[in-house]
Amino acid sequence: MSTYHQDQIFSNKDFTQTLFKKGEYESCTFKNCNFSDVDLSGSRFLDCEFSDCNLSLAKLFKTAMKEVKFKDCKLLGLRFDKCEGIGLDLDFENCLLDNTSFYQCKLKNIRFKNCRLYETDFVEADLNGADFQGSDLKGAIFENTIMEKADFRHAKNFIIDPEINRIKKAKFALDGLSGLLQKYGIEVE
């Protein structure tokens, strides 16, 4: 049976120990909650905020996330590519997103502020207008990715091949040019 929750605050809940009730969560806040390896499949999160939560390896099959903000969260190995694709709208600040997949996700104007995105999969994603301010993209995979008008000026450790990605009008700082030229063996000093 599906449940509906609106304008509720969930604090210090460990959903690895207590059952997470699948359903619709609208304008809800989750603070210091543990969703590690929890099955969130089929749930809907609308205008929700997760703060200081651990969602590592949570199952997201057909999970809807619209206007969902994550702040100071641990989101290791998540498969956002398994979420309900229509209306997927996310915002991340100070989050750990290592080994996360955004494969083929449409995430126009997404914000990753001060996030760690090691080995994150952005293959065939639409990141048009994305903002990677202060984020570390070490080992992140960009292939056939749309990054037009994306802002990488304050990001670091990214490697992007301009020949296999769409980067028209994307913004890069001078010290980030080596990440665009690496495949050519050019040294930028």
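Residues numbered from 1 in each chain as written. Predicted model: local features only at pLDDT ≥ 70, side-chain atom pairs only at ≥ 80, totals over all residues. Heavy atoms only, no water.

**Student:** Outline the pairing of strand β9 (residues 90-93), supporting the account with residue identities and numerical values.
**Tutor:** In β9, alternate side chains face the same way, and those of L90 and F92 on one face and D91 and E93 on the other are all buried. Alignment of strand β8 (residues 68-71) against β9, held across four bridges, turns out to be parallel. Within β9, the residue paired with V68 across the bridge is L90. Here β9 pairs with strand β10 (residues 111-113) via three bridges, running parallel. Within β10, the position partnered with F92 by the bridge is F112. (Buried < 20%, exposed > 50% of the residue type's maximum accessible area, 1.4 Å probe, protein only. Helix = DSSP H or I, 4+ residues; strand = E, 2+ residues; numbered from the N terminus. Pairing = 2+ DSSP bridges.)

**Student:** Could you give an account of the sheet that holds β8, with specific residues and numbers?
**Tutor:** Pairing is parallel across the open sheet formed by six strands, whose spatial order is β2-β4-β6-β8-β9-β10. Taken across any chain shown, the strands that pair with only one partner, and hence form the sheet edges, are β2 (9-11) and β10. On average, adjacent strands in this sheet sit at an angle of 10° to one another, irrespective of strand direction. (Axes fitted to C-alpha atoms, helices over the stretch in contact; angles between N-to-C directions.)

**Student:** Can you tell me about the sheet that holds strand β5 (residues 44-46), naming the residues and giving the values?
**Tutor:** Reading across the sheet, the four strands line up as β1-β3-β5-β7 and stay open at both edges, with parallel pairing between neighbours. A strand with exactly one partner marks an edge of an open sheet, and here the two such strands are β1 (3-6) and β7 (64-66). Across this sheet, the average inter-strand angle for adjacent strands is 5°, counted without regard to direction. Relative to strand β3 (residues 23-26), β1 runs parallel, the two sharing four bridges. Following the sheet pairing, Y4 is matched in β3 by E24.

Geometry only, nothing functional implied.
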